[in-house]
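# Observations on the three-dimensional arrangement
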Amino acid sequence: WHLTRALPFIIDGKTIKWFGTNTDIDEQKQLQRQKDDFLGIASHELKTPVTSIKAYAQVLGAMLEREGEHKKAEMVLRMDAQVNRLTNLIGDLLDVTKINSGRLQFNKTWFDFNSAVKETVEDLQHTTQKHKLVEDFSATGKIYSDRDRINQVITNLITNAIKYSPHTDKIIISTRVEGNEAIVCVQDFGIGIPEDKKDKVFEQFYRVSGNKQHTFPGLGLGLYISSEIIKREGGRMWVNSVEGKGSTFCFALPVNGDSNS
Ligand code: ADP
């Protein structure tokens, strides 16, 4: 049983507000499951047409380029970039339904930690001209983990760092080994996070509200997905931040991995 609503309650003829209701936890769980099922089916159904739009956009862009229609080709390229955003949003929704239903799968292998981070940093440097991604690597060694999922986490932290530092250009990506943990941190000098909101940013659909929030698009899922991935890989994730000065998001993974899970 759950305490959610205020109900009037009468004692000795006086009406007293009584906080408590009869919302059954099972009922809530079932509603949550129905919501997850809906999200899962809807995002799966959205994926097919979006993939097909992307394929047509790429063919069309190449055709226009060949015909010397550079302006039109440029517009199709922008369309393609928006389709990528849509694909990422759908991917996030699918991941959330997988996490919530315990169906997120990991394909673990041994891989070199630094080169995985480096690869992602180099890929992302191509997507931004304004921001300079500075590498400060001192970790060496291999971890036993899902490389694509770890890349997804690093990508998420760096794209957030870019998104939430519109007026500064430096982002530092560092790696180090401490004890039996490999640690990756992404530091930006952007808007930062208010002290009382720092823990909440890892909750699903949570976004720090503020007058400027509308300028930063998003669903509030990236950090939830990232922290769940890291948790399920036997690691932990945290943030240090000062509002108005910037944030440092870090995660740690066991260097020796857990090859049985
Ligand atoms: P999204 O960016 O789509 O809103 P996330 O789950 O990635 O979702 O982040 C949740 C919230 O945490 C964001 O809405 C933002 O308020 C805050 N946040 C995340 N990364 C940063 C950052 N580097 N600097 C400041 N705030 C951040």
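Residues numbered from 1 in each chain as written. Predicted model: local features only at pLDDT ≥ 70, side-chain atom pairs only at ≥ 80, totals over all residues. Heavy atoms only, no water.

The name recorded for the protein in an unreviewed UniProt entry is histidine kinase, from Mucilaginibacter celer.

### A word on a nonpolar patch on the surface
Formally: Patches here are clusters of residues that have more than 30% relative accessible area and form no salt bridge, with a 9 Å joining cutoff for like charges and a 5 Å cutoff for nonpolar side chains (Val, Leu, Ile, Met, Phe, Trp, Tyr). Surface accessibility follows the Shrake-Rupley procedure with a 1.4 Å probe radius. Residue values consider only the protein chains on display as shielding. The term salt bridge refers to a side-chain nitrogen of Lys or Arg lying within 4 Å of a carboxyl oxygen of Asp or Glu. The way it works is that DSSP assigns letters per residue, a run of H or I at least four long becomes a helix, a run of E at least two long becomes a strand, and they are numbered from the N terminus.
Where nonpolar side chains cluster on the molecular surface, the patch consists of L86, L89 and L219 and spans about 220 Å² of accessible area. Positionally, L86 belongs in helix α2 (residues 70-100).

### What to know about the site of the ligand
Rules: Residue proximity to a molecule or strand is established when one non-hydrogen atom of the residue lies within 4 Å of it. Polar contact criterion, stated in full: a pair of N or O atoms within 3.5 Å, where within protein one must be able to donate a hydrogen and the other to accept it, and residues adjacent in sequence count only if both atoms are side-chain atoms. Classes in brief: Ala, Val, Leu, Ile, Met, Phe, Trp, Tyr, Cys and Pro nonpolar; Asp, Glu, Lys and Arg charged; the others, Gly included, polar.
Among the 20 residues in the neighbourhood of the ligand, the closest are listed as N160, Y164, D188, R207 and L223. Between the ligand and Y164, the relevant distance is 2.7 Å, taken from an oxygen atom to a side-chain nitrogen or oxygen of the residue. Contact distances for the ligand include 3.2 Å between an oxygen atom and a backbone N or O atom of G222. Look at the ligand: alone it shows 530 Å² of surface, and the protein chains cover 97% of it. Its residues assigned to classes, the shell around the ligand shows ten nonpolar, seven polar and three charged.

### Overview of the side chain of N156
The condition that has to hold: Residue burial is assigned from relative accessible area. The probe radius is 1.4 Å, only protein chains are included, and a residue is buried under 20% of its type maximum, exposed over 50%, and partly exposed in between. In this description, contact between two residues means that some pair of their heavy atoms is separated by no more than 4.5 Å.
For N156, the location among the structural elements is in helix α4 (residues 147-163). By relative accessible area, N156 is classed as buried at 14%. The contact partners of N156, leaving out residues within four places of it in the chain, are G222, L223 and S226.

### Topic: the packing of helix α1 (residues 25-66) against α2
Put simply, the rule is: The angle between two axes is taken between their N-to-C directions and runs from 0 to 180 degrees, where each axis is a line fitted to C-alpha atoms and a helix contributes only its stretch in contact. With respect to orientation, any angle under 35 degrees is reported as roughly parallel, any angle over 145 as roughly antiparallel, any angle of 65 to 115 as roughly perpendicular, and every other angle as oblique. Throughout, a crossing is termed right-handed when the near helix is turned clockwise from the far one, and left-handed when it is turned anticlockwise from it by less than a right angle.
α2 packs onto α1 with a crossing angle of 160° between their chain directions and a minimal axis gap of 8 Å. In terms of orientation, α1 lies roughly antiparallel with respect to α2. Along this stretch, α1 crosses α2, giving a crossing that reads as left-handed. In terms of residue class, the contact of α1 with α2 is made up of 15 nonpolar, eleven polar and six charged.

### Observations concerning the packing of α4 against helix α5 (residues 222-232)
For any two helices packed against each other, one specifies the crossing angle of their axes together with the interaxial distance. The contact between α4 and α5 brings their axes to 10 Å, and the two run at 145°. As α4 packs across α5, the resulting crossing turns out to be left-handed. Of the residues in α5, those touching α4 at R149, I150, Q152, V153, N156, L157 and N160 are G222, L223, I225, S226, I229 and I230.

### Focus on the environment of K200
Relative to the assigned elements, K200 resides in the loop between β7 (181-188) and α5. Taking relative accessible area as the criterion, K200 reaches 34% and is therefore assigned partly exposed. The spatial distance from the C-alpha of K200 to the C-alpha of L223 is 10.0 Å, given a sequence separation of 23 residues.

### Some thoughts on the state of the cysteines
Note the following rule: The disulfide definition used here is simple: a pair of cysteine sulfur atoms within 2.5 Å.
Summed over all chains, the structure comprises one disulfide. A sulfur-sulfur separation of 2.1 Å characterises the disulfide bridge that pairs C185 with C250. Taking the sign of the S-S torsion, about 110° here, the bridge from C185 to C250 comes out right-handed. Of this pair, C185 sits in strand β7 while C250 sits in strand β9 (residues 246-254), placing them 65 residues apart in sequence.

### Looking at the sheet that holds strand β4 (residues 132-137)
Filter applied, for reference: Pairing between strands is defined by DSSP: at least two bridges between the two strands are required.
One open sheet holds the five strands; their spatial order is β4-β6-β7-β9-β8, and the pairing between them is mixed. Of all strands in the sheet, those bounded by a partner on one side alone are β4 and β8 (236-242). In this sheet, neighbouring strand axes are inclined to one another by 15° on average, regardless of whether the strands run parallel or antiparallel. Relative to β9, β8 runs antiparallel, the two sharing seven bridges. From the neighbouring strand, S241 faces β9, where its bridge partner is S247.

### What to know about the packing of aromatic side chains
This is how the line gets drawn: Only the six-membered ring of Trp is used, alongside the rings of Phe and Tyr, when aromatic pairs are assigned; centres must lie within 6.5 Å, and planes under 30 degrees apart are stacked while those over 60 apart are edge-to-face, with the rest tilted.
As enumerated under the stated definition, the model contains three aromatic pairs in all. An angle of 50° between the planes, with centres 5.2 Å apart, marks the rings of W110 and Y144 as tilted. Linking W110 in strand β3 (residues 109-112) with Y144 in strand β5 (residues 142-145), this pair joins segments that are 34 residues apart in sequence. On the basis of relative accessibility, which here comes to 46%, the residue W110 falls in the partly exposed class. Between Y164 and F216, the aromatic rings sit 4.9 Å apart at their centres with planes inclined by 45°, giving tilted as the arrangement.

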